[in-house]
Amino acid sequence: MRTERSVPARPALIAALALAAAGSLLLAPGPAGADPLPVTREGSAVDDRAARAPASAARRALTADAPTTAATRSYPRRLALSPDPENPGDKSLKLGLTPYHAIAPKLNALQRLGDRVSVEVTGRSAGGHRLYLVTVTAPETARQARAQERMRELIENAPATAAKSREITRDYKTPVFVNSNIHGNEWEGTDASLKVIEQLATAKDARTRDLLAHSRLYFNVTANPDGRIAGTRANANGFDLNRDFVTASQPETRAMRQIELGTQPAVLLDLHGYVNGTLIEPTTPPHGENYEYDLFLKNSYANALGMESAVNALGYTPAKDGVEAAQIPFRDQEEGWDDWPPIFTPQYAAFHGTVAAHTVEIPLAVNNEEYEELPVPELRRRSAVNTAVAGAAIRATLNHVREHRGTLITDQIEMFRRGAAGAAQVPVSPETVPGVPGIGPEDVYTTTFPRAYVIPPGDARSRRPGPAAARLVDHLLANDVRVTRATRAFRLAGRTYPRGSHVVDLHQPKRGMANALLADGRDISGKVSVMYDISGWSLGSLWGATVERVPSGSLRGAPLRPVGEAAPVAHVPAHGGLRLRLTDPREIAALNSLLRQGVAVRRAADGSAIVPASARREARTAARTHDVSFTATRQSGTAPLHRLRVAAAVTPGELFALREMGFDVTPVSTAVLNAGFDWSGADVLFVSAGLDRADLTEPAREALDAFLDGHGLVGRGVAGAALNAAAGRLAVKPVEGNADANGVVRVRNSGGITRDAPDRGFVYAPLWFTEPGPGVRVEQSYATGNPLVSGHWRPLRDGSGGPAAAAGQASVVSGDHTVLFGTEPLFRDHPKGEFSQVARALITVAHSASVKESG
């Protein structure tokens, strides 16, 4: 558990916006006001626990297609769900909440209550469980549904026209998205949603009829069924889904992304726990610089006041119920609860038209140690309180939507209009966002959007994209960013770009999404003293493709055509031997697929892989499967490569990335080794988390030492460096930087492990190595000067641990069939351009160790 510091409330009046009294279903606001309280967010961003995810979950996540939008048809949409097997081990049961296996029967029953409720399956979780989307709205004919879709598309694609449309003003249904249980052990949002859906399905009052006639309400009933069942924050792959929106590595995240793209919600609630009193966003600074934050703050703050009033009106008190008054971080806190990175559900939604988006943290903890230690009656009392609080937040939001739908849609249109027109952002101030108290210069975050980004082709001769460029283009398109491709060479801002270049014009409705993904970002170390999660994430810097920022210029007349997918990369020459560069995770996966088939691959002096001409058929299959390109070569290679079996004590993100690259990985940890581990099934050990040699039993320690005596070791971070020291491998001194530091850094590559790697890296709790002994090679160093490109990295109070201390120091070292990383090259499966460094390290140390052992 990570605790943020408590800070004084902002010196501003706590003003309430007037809201109309609610009807029988929609709660009326009660008295507002909250004292500043310590802010606690569950879950450390740095995961030091070894991953245990089964390979089957990774396979499902890697092979699952993104859900497709259903053909437009009428509402309601009937779907009879087959029941799931009853699971007495479902952790929801102890809390008196709805177990996952009871959700399908409940949804079937809700559909039978009338003509307002529809259910769809949007995909499956990493653990194989169905993901349900419930839509509640007044019935629509197919023609009416098509009209809604046409208006939705007009709002995004022709916002200037949409702003003048009387049809939209009169008939468009405001989309609202309620997301529940994205953290599996924060259960109650699901139960609150089910209660609200049931009430909406049967309520006869005029306010409810009016709401459903002018709104579509979408409920993602449980975003994380794996975690709901197991009582874990993460899904079956060990991923915190509320950190995955930029990367979208997990099927649950891709399903949520598709819901947002398909429904274009103006309002979003993401129901979490547990902060007492109930925490209701908007957040403290820093605010995402790519948002139209004036529109976002205006609407989010107004809805937050309504939710606060509704929650407080429930009548819970600290003395009677242990429930503090609700709090709004923007008003009640200085810092520590920011909306800077678009990795969270509400912040990601802001780029897709959501002008009021909130994380809502319900008050009473029932997970982790509370789940294990509190008596069942107390747990159920708390869960009942939490369900009521979540329900109050939902109902208050629906009331706000009913009362303010015109403003919400008008502001959504304006967000898209600014992007399409290339208009300047509007900085927040008391004048631009009237009615929101306490706005100061600390809240002003804007950016200068470039005219465009250009992604040149990876192969200059064929004009085909390389695997990194193709992956980036496809990812941009998946995030609803518009991309074009040059049909011939063209000039832009005084420079000539070749045919096949991809161009991202920043005059587009979702320019904020495009810039958030592609820009370097900003060093915000001097802005605030503390951040909650990552502060840098640039795909332009970290995904391995060349991305060029074009500050100004005209695209008029440029030979650009819109694309729906990247051009294929796959290519195998018709004659001769074949060379495969190993600088991209797709190329590593292709290599591992060839080795798995028994192809006699050899390693070249430059670290690439040489495939004999006799394996051309297998190479063609690998090229198509992994979308990689082989080139012709006369080289025969040096040492043969063999299939690697990796024992890995690593984080969930690292485990997933290793499997994504096709390595055969067996998760290990201190507990696994102490239980007795058969090292004969491993060729190399990778350690970054969850393995401490000092905590091993004597037999386990002896077995580990015996393995390391003849096998390679790759270490990352403090745990990897500690095992290296305990095993007496590389003679280096590891130096820990500020453990809260993270971001994109400049690096200088100087060795074979980092050959052709990007000159950018990613760090979280950075490490560097000094005092290298004999035989230690520096593979990579932090850049001199200030190595931080974007993120948050301050020195510690004594002046140590900052970027100046790391500048010029070794970030990756090797020697004696060992490689140590001070960076985070596989962090949360995100920095794709760095993956090959780890792959090359594993290949190098495994083969050098086997040569030493056999020699």
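Below you will find a few notes about this structure. Here the structure is a predicted model, which means the values were calculated and not measured. (Residues numbered from 1 in each chain as written. Predicted model: local features only at pLDDT ≥ 70, side-chain atom pairs only at ≥ 80, totals over all residues. Heavy atoms only, no water.)

Regarding the overall build of the protein
For the protein, the count of helices and strands is 26 helices and 34 strands. For the protein, whose C-alpha radius of gyration is 27 Å, the value lies close to the compact-globule estimate of 29 Å for 855 residues. Seen along its three principal axes, the alpha-carbon backbone of the protein occupies a region of about 85 × 70 × 55 Å. Out of the 855 residues in the protein, the part that is buried amounts to 61%. Contacts spanning at least 24 positions in sequence make up 80% of the contacts within the protein whose residues lie at least 6 apart. Summing over all exposed atoms, the protein offers an accessible surface of approximately 30400 Å²; the carbon and sulfur share of this is 51%. In the protein, the 95 positive side-chain charges and the 90 negative ones have mean positions that sit 8 Å from each other. (Helix = DSSP H or I, 4+ residues; strand = E, 2+ residues; numbered from the N terminus. Rg over C-alpha atoms; globule rule 2.2 N^0.38 Å. Buried < 20%, exposed > 50% of the residue type's maximum accessible area, 1.4 Å probe, protein only. Contact = heavy atoms within 4.5 Å. Areas by Shrake-Rupley, 256 points an atom, 1.4 Å probe, with all protein chains shown as cover. Lys, Arg positive; Asp, Glu negative; His and termini not counted. Charge placed at Lys NZ, Arg CZ, Asp CG, Glu CD.)

Side note on the pattern of salt bridges
In total, this model carries 45 salt bridges according to the counting rule given. With a shortest N-O distance of 3.0 Å, Glu149 and Arg152 are connected by a salt bridge. Separated by three residues within a single helix, Glu149 and Arg152 lie in helix α3 (residues 142-157), roughly one turn from each other. Judged by its relative accessible area of 10%, Arg152 falls in the buried class. Among the salt bridges present, the one from Asp321 reaches Lys320, with a minimum N-O distance of 2.8 Å. Here Asp321 falls in the buried class, since its relative accessible area comes to 11%. Here the salt bridges share partners, and the residues they tie into one network are Glu186, Arg233, Asp240, Arg243, Asp533 and Arg828. (Salt bridge = Lys/Arg side-chain N within 4 Å of Asp/Glu carboxyl O.)

Let's talk about the nonpolar core
Within the largest apolar cluster, 143 residues are counted, with the highest numbers of intra-cluster contacts made by Leu107 and Phe219. Those residues in contact with Phe219, other than ones at most four positions away along the chain, are Tyr132, Leu133, Val134, Val136, Val178, Ser193, Val196, Ile197, Leu200 and Ile394. Counting residues in each nonpolar core, the second largest holds 48 residues, with Ala590, Val601, Leu655 and Val845 among its members. (Core = buried A, V, L, I, M, F, W, Y, C linked by side-chain atoms within 4.5 Å.)

Structural notes on unusual backbone geometry
A cis amide bond, omega 5°, links Tyr75 with the succeeding residue Pro76. Inspection of the secondary structure puts Pro76 in the loop between α1 (55-63) and α2 (103-111). The step from Gly273 to Tyr274 runs through a cis peptide bond, and the omega angle for that step is 5°. Its place among the elements puts Tyr274 in the loop between β7 (267-273) and β8 (279-280). Within the chain, Ala765 stands out as a residue other than glycine whose phi angle is a positive 55°. On the secondary structure map, Ala765 appears in the loop between β29 (760-764) and β30 (767-770).

Notes on the pairing of strand β34 (residues 818-821)
Burial along β34 is two-sided: Thr818 and Leu820 facing one way and Val819 and Phe821 facing the other are all buried. When strand β33 (residues 810-815) meets β34, the two strands line up antiparallel, connected through four bridges. What sits directly across from Val813, in β34, is Leu820. (Pairing = 2+ DSSP bridges.)

What about helix α17 (residues 511-518)?
In terms of burial, α17 is largely enclosed, as eight of its eight residues are buried. Its buried side turned inward, α17 meets α13 (345-349), α15 (376-421), β12 (452-455), α16 (467-478), β16 (502-505) and α18 (539-542).

Observations concerning the pairing of strand β25 (residues 684-687)
What you see with β25 is no split at all: Val684 and Phe686 on one side and Leu685 and Val687 on the other are buried throughout. Judged from the four bridges that link them, β25 and strand β26 (residues 712-716) form a sheet pairing that is parallel. For Leu685, the partnering residue across the bridge sits in β26 and is Leu713. For the segment spanning β25, helix α23 (residues 698-708) and β26, crossover handedness is right-handed. (Right-handed = clockwise from strand over helix to strand, strands pointing away.)

Structural measurements only, silent on function.
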